[in-house]
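# Descriptive structure summary
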Number of protein chains: 2
Amino acid sequence: MKNRELKEAGLKTTAPRVKILQILEKAKVRHLSAEDIYKMLVESGEDVGLATVYRVLTQFESAGLVIRHHFEGDSSVFELDDGEHHDHLVCVKCEKIVEFVDPIIEKRQLSIAEENHFRITDHSLYIYGICKSCNQLAS
Amino acid sequence: MKNRELKEAGLKTTAPRVKILQILEKAKVRHLSAEDIYKMLVESGEDVGLATVYRVLTQFESAGLVIRHHFEGDSSVFELDDGEHHDHLVCVKCEKIVEFVDPIIEKRQLSIAEENHFRITDHSLYIYGICKSCNQLAS
DNA sequence: CTTAATGCAAACCGTTTGCATAGAT
DNA sequence: ATCTATGCAAACGGTTTGCATTAAG
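Nothing here was measured: the structure is a model prediction, and the numbers come from that model. (Residues numbered from 1 in each chain as written. Chains lettered and ligands numbered in written order. Predicted model: local features only at pLDDT ≥ 70, side-chain atom pairs only at ≥ 80, totals over all residues. Heavy atoms only, no water.)

All right, on to the relation of the copies chain A and chain B then. Note on the copies: chain A fits chain B at an RMSD of 1.3 Å, the axial shift is 0.3 Å, and the rotation between them is 178°. On the angle and the small slide along the axis, the relation comes out as a two-fold axis. Considering only C-alpha atoms, the residue of chain A closest to the rotation axis is Leu125(A), which sits at 2.2 Å. Of all interface residues in chain A, 97% are interface residues in chain B too; the two copies therefore contact each other through one and the same surface. (Least-squares fit on C-alpha atoms with pLDDT ≥ 70 in both. Contact = heavy atoms within 4.5 Å.)

And the structure:
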């Protein structure tokens, strides 16, 4: 039941919120834009406005249910926050995304912030490259 | 003379291009938005349109004179590309930016790409936080 | 019943583009 | 003289907001 998670986040149980949470949990792709989610809702016959999708995602973000990424480029993408921080390795050809965590990098980041007297709030590390399969296709 | 750099980049020597290049080279702040640059131009009495600032910056980017960053906030910022790679520590309050290079992180990134069979092309690491002075202002 | 959430359309904001004019070679 | 660059204003695309309506508790 999604109701539980919403309640705990202090959000009323409404159709759009439940639906969006379901989509985020069940989608085969982990990183979705507001537009992606909106389209999925429309396709599954839901009557939800794009504005609501944005509002809900923003609320989810504040509630810690979701993480918003500002990928280089146009729109933001959202992914479920399962509490496990990770960074991203992105294939610039096929857009495949591999998530990873590297304790050494994490530690160094903390040290760097500390050395510069910053109270760290967040960080984003994206490594861009070409994945194995794209690499094999002569380009 | 800026003419040389422009020529080498295959760009005609025009007043807006020369002026913008000068600003990027001389500004006390290394990372500037298009709007920042536009304001500086206007303040120094230049008759340049914002659209031109964007066009010129985009050309500079293609020419490798400048690097465009998409930080967390709204707009993009530009900095001179002096060929020295570095990452960024960004204050989310006052937007102060500290540049750094960490050899350990650099090395780990290579390993991670390799482990995942990615041929690395690029990467970006932004650490977001609150700097000392902003931290002291009770918020 | 009371107050918060939604849909719609309009507003926003950074950035881009079309077009007629000014400027570089 | 030729062809690119510029300024202006309008267009754009993602995101936010105002407001009347609907629904949750």
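A cluster of acidic residues, Glu35(B), Asp36(B), Asp74(B) and Glu95(B), forms a negative patch on the protein surface. With relative accessibility at 57%, the residue Glu95(B) sits in the exposed group. (Patch = residues over 30% accessible without salt bridge, like charges linked within 9 Å, V, L, I, M, F, W, Y side chains within 5 Å. Areas by Shrake-Rupley, 256 points an atom, 1.4 Å probe, with all protein chains shown as cover. Salt bridge = Lys/Arg side-chain N within 4 Å of Asp/Glu carboxyl O. Lys, Arg positive; Asp, Glu negative; His and termini not counted. Charge placed at Lys NZ, Arg CZ, Asp CG, Glu CD. Buried < 20%, exposed > 50% of the residue type's maximum accessible area, 1.4 Å probe, protein only.)

For the rest of this paragraph, the subject is helix α3 (residues 34-43) of chain B. Helical geometry: 3.6 residues make up each α-helical turn, so side chains three or four residues apart lie on a common side. All names here are of chain B. Inspection of α3 places Ala34, Ile37 and Leu41 among the buried residues, and these make up the whole buried set. Projected down its long axis, α3 carries its buried residues within an arc of 70°, all on one side. If you follow the buried residues of α3, they end up packed against α2 (15-26), β1 (32-33), α4 (50-62) and β3 (77-80). (Helix = DSSP H or I, 4+ residues; strand = E, 2+ residues; numbered from the N terminus. Arc of directions from axis to C-beta.)

Despite not being glycine, His117(A) shows a phi value in the positive range, around 60°. By secondary structure assignment, the location of His117(A) is in the loop between α5 (103-115) and β6 (119-130).

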